[in-house]
Amino acid sequence: MSTQNAPVGPRAVDYDLVVIGAGPVGENVADYAAKQGLRAAIVEAELVGGECSYWACMPSKALLRSGQALAAARRVDGAKQAIGEIDVEAVLRRRTAFTSNWRDDGQAAWLESAGIELLRGTGRLAAPGRVQVGEHTYSASAVALATGSVPTLPSIPGLAEAEPWGTRDATSARSVPPRLAVLGGGVAGVELAFAYASLGSKVTLLARSGLLRQEEPFVGQLVADALVEAGAEVRVGVSPRRVDRFPTNDGGRNAVRIELDDGTILEADELLVSTGRRANTDGLGLEAAEVDALEVDDTMLVTGTDWLYAVGDVNGRALLTHQGKYQARAAGEAIAARLRGQPLDDAPWGRHVATADHDAVPHVVFSDPEVASVGLTEARARGRGFRIRAVEFDLGAVAGSALHADGYTGRAKLVVDEDRRVVIGATIVGQDVSELLHSATIAIVGEVPVDRLWHAVPSYPTISEVWLRLLETYFS
């Protein structure tokens, strides 16, 4: 423990803490600080609850779930005979229900119940320890930036003028386009391609560098094969050379014409661009606050300051809602400890640090099959200089998988640090495997030796028995 950066000193301020950005990350920073007795305010220009609640995690998974439930039933003989077709309007209504019809009354009420003051408007740093919201400027002992990330648009002639969909448009759409082109083979592009294929769109996914290329090599091919089976077309190794939107022959809404660099032409009713995101720092006033960059330590304190924190996507460490909330829990309590002059538990795995950001980040791609992974891939582990052994197993060969779905397809892989004999990476691909991921996360965070994991007996017949098969492969 340490007491570094402990109190900035007694002075009259409007708030102990002002958080800019009321998404799930900002809410958690303010909440954990308020629970420690700090006077906290949070600034939001859009909807309280942020991107995840209204345009990302929740609505996208709602769009995916109905189609995946039908697909799961169709993989079980005796159930598939009873299955009808998807009700698109019902899916869209369910999606909208999860967004509270894009109203934030409930989230705003929660802030009030937690004793956190909501300041509506655009927040920017006016000076160190000062936040401007509209015509008002507030002083604070600490400020936390939780403004998230925004999508990037590739520099392709005609693309901006064609007004393509971003992920917000795709998750909030009121109708399903007959033809949807998706540019980008990352998580959002893949998930939304599956969602719209299940809703009846003729989907074409364009991925210059392949699908989910940050994962283990087998992942992209399994997911691509599944997309094709779901009725989508997957084109790898091509990029748009030019994009134009033009009127249809019947005078209806405009269609999109995409000229690809292989010389072919693709036409679609909508083009969804999902090619990456960047930190949302536009207009934050970093220069006025004498801040050059949002590099942070493990308590989320911005380097070179004793008052400014950057939490979640805006710091670029791990662009995942759950990881941002993890950072927020650490940051909120670290801010309170510093301002109250209490000991700071900032050693690795301490209460006030986000140690897991480095090598134990879990994430799920909610495709069908799902991709669940945590820690390091084999390639990243070797690149980091670990002496490793990697083992794989056919998930479809596990008894529980065969019972779960006829013709179950999937694969699992463990990466083991041979010097410490602990798991440092795990990847599981298959139907409904996301709920298996936390066991791997616990093994990695807890640094459980593989010799001890051997005694963690999985129940039979469950898909979890893949742990036994992987360990058998390792010890053999």
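Residues numbered from 1 in each chain as written. Predicted model: local features only at pLDDT ≥ 70, side-chain atom pairs only at ≥ 80, totals over all residues. Heavy atoms only, no water.

Draft legend 1. The arrangement of the pattern of salt bridges in detail. For the structure shown, the criterion picks out 29 salt bridges. Across the salt bridge formed by Arg 387 and Asp 419, the nearest N and O atoms sit 2.9 Å from each other. Here Asp 419 lies in the loop between strand S20 (411-417) and strand S21 (422-430) and Arg 387 lies in the loop between helix H11 (378-383) and strand S19 (388-394), a separation of 32 residues in the sequence. For Arg 420, the salt bridge is made with Asp 417, and the minimal N-O distance between the two is 2.8 Å. The exposure class assigned to Asp 417 is buried, which follows from its relative accessible area of 3%. (Salt bridge = Lys/Arg side-chain N within 4 Å of Asp/Glu carboxyl O. Helix = DSSP H or I, 4+ residues; strand = E, 2+ residues; numbered from the N terminus. Buried < 20%, exposed > 50% of the residue type's maximum accessible area, 1.4 Å probe, protein only.)

Draft legend 2. Structural detail: the packing of aromatic side chains. Scanning all chains against the criterion turns up five aromatic pairs. Their ring planes at 55° and their centres at 6.0 Å tell us that Tyr 15 and Tyr 138 sit as a pair that is tilted. Of this pair, Tyr 15 sits in strand S1 (residues 15-20) while Tyr 138 sits in strand S6 (residues 136-145), and the two are 123 residues apart along the sequence. Exposure class is identical for Tyr 15 and Tyr 138. Each is buried. Among the aromatic residues, those joined into a cluster by ring pairs are Trp 454, Tyr 474 and Phe 475. Over the aromatic face of Tyr 32 sits the side chain of Lys 35, whose NZ or CZ is 4.7 Å from the ring centroid. (Phe/Tyr/Trp six-rings, centres within 6.5 Å; stacked < 30°, edge-to-face > 60°. Lys NZ or Arg CZ within 6 Å of the ring centre and 35° of its normal.)

Draft legend 3. Inspection of the sheet that holds S20 at higher detail. Within the open sheet, the five strands sit side by side as S17-S18-S21-S20-S19. Their pairing is antiparallel. The two strands at the open ends of the sheet, each matched to only one other strand, are strand S17 (362-365) and S19. Taking each pair of neighbouring strands and ignoring which way they run, the sheet shows an average axis angle of 10°. Sheet topology note: the S17/strand S18 (residues 370-375) ladder contains four bridges and is antiparallel. (Pairing = 2+ DSSP bridges. Axes fitted to C-alpha atoms, helices over the stretch in contact; angles between N-to-C directions.)

Draft legend 4. Representation of the sheet that holds strand S9 (residues 202-207) in the model. Spatially, the four strands line up as an open sheet ordered S10-S9-S8-S14, and their pairing is parallel. If you trace the sheet from one side to the other, it starts and ends with strand S10 (233-236) and strand S14 (270-273), each paired once. Going across the sheet, the axis of each strand differs from the next one's by a mean of 20°, ignoring polarity. The sheet contact formed by S9 and S10 spans four bridges and is parallel. Across the sheet, residue Thr 204 finds its bridge partner in S10, namely Glu 233. Against the sheet, helix H7 (residues 187-198) contacts strand S8 (179-183), S9 and S14, and its axis sits at roughly 165° relative to S9. (Contact = heavy atoms within 4.5 Å.)

Draft legend 5. The arrangement of unusual backbone geometry in detail. Residues Asp 368 and Pro 369 are joined by a peptide bond in cis, for which omega reads 20°. With respect to the helices and strands, Pro 369 occurs in the loop between S17 and S18. A cis geometry characterises the amide bond from Tyr 460 onward to Pro 461, with omega recorded as -5°. As for its placement among the helices and strands, Pro 461 is situated in the loop between helix H14 (450-453) and helix H15 (466-475). Even without being glycine, Asn 101 reaches a positive phi, approximately 55°. Relative to the assigned elements, Asn 101 resides in the loop between helix H4 (88-98) and helix H5 (105-113). Overall, the relative accessible area of 43% leaves Asn 101 in the partly exposed class. Unusually for a residue other than glycine, Leu 212 sits at a positive phi of about 50°. On the accessibility criterion, Leu 212 (6% relative accessible area) is buried.

Draft legend 6. Expanded view of the nonpolar core. Membership of the largest hydrophobic core comes to 81 residues, with the highest contact counts inside it found for Leu 125, Val 143, Leu 145, Leu 294 and Leu 308. At six residues, S6 tops the list of elements feeding residues into this core. Ignoring sequence-local partners within four residues, the contact set of Leu 125 consists of Ile 20, Arg 130, Val 131, Val 143, Leu 145, Leu 284, Gly 285, Leu 286, Ala 288, Ala 289, Trp 307 and Leu 308. Counting residues in each nonpolar core, the second largest holds 34 residues, with Leu 180, Val 182, Ala 197 and Val 371 among its members. (Core = buried A, V, L, I, M, F, W, Y, C linked by side-chain atoms within 4.5 Å.)

Draft legend 7. Examining helix H8 (residues 217-229) more closely. Where H8 is concerned, the buried positions are Phe 218, Val 219, Gly 220, Val 223, Ala 224, Ala 226 and Leu 227. Positioned one or two residues after H8, Gly 231 has a phi angle of 105°, which is positive.

Draft legend 8. Just the environment of Leu 159, in detail. Among the structural elements, Leu 159 can be located in the loop between strand S7 (149-151) and helix H6 (167-172). Taking C-alpha positions, Leu 159 is 7.0 Å from Arg 242, a pair spaced 83 residues apart along the chain.

Draft legend 9. Inspection of the pairing of S14 at higher detail. Judged by which residues are buried, S14 turns out to be covered on both faces: Glu 270 and Leu 272 on one side and Leu 271 and Val 273 on the other are all buried. For S8 and S14, the ladder comprises four bridges, and the chain directions are parallel. When the bridges of S14 are listed, Val 182 appears paired with Leu 272.

Draft legend 10. How the structure looks around the environment of Ala 207. By the secondary structure assignment, Ala 207 is in strand S9. Classification of Ala 207 as buried rests on a relative accessible area of 3%. If sequence neighbours within four positions are ignored, Ala 207 has contacts with Gly 185, Arg 235, Val 236, Gly 237 and Val 238.

The quantities given are spatial measurements derived from coordinates; they are silent on function.
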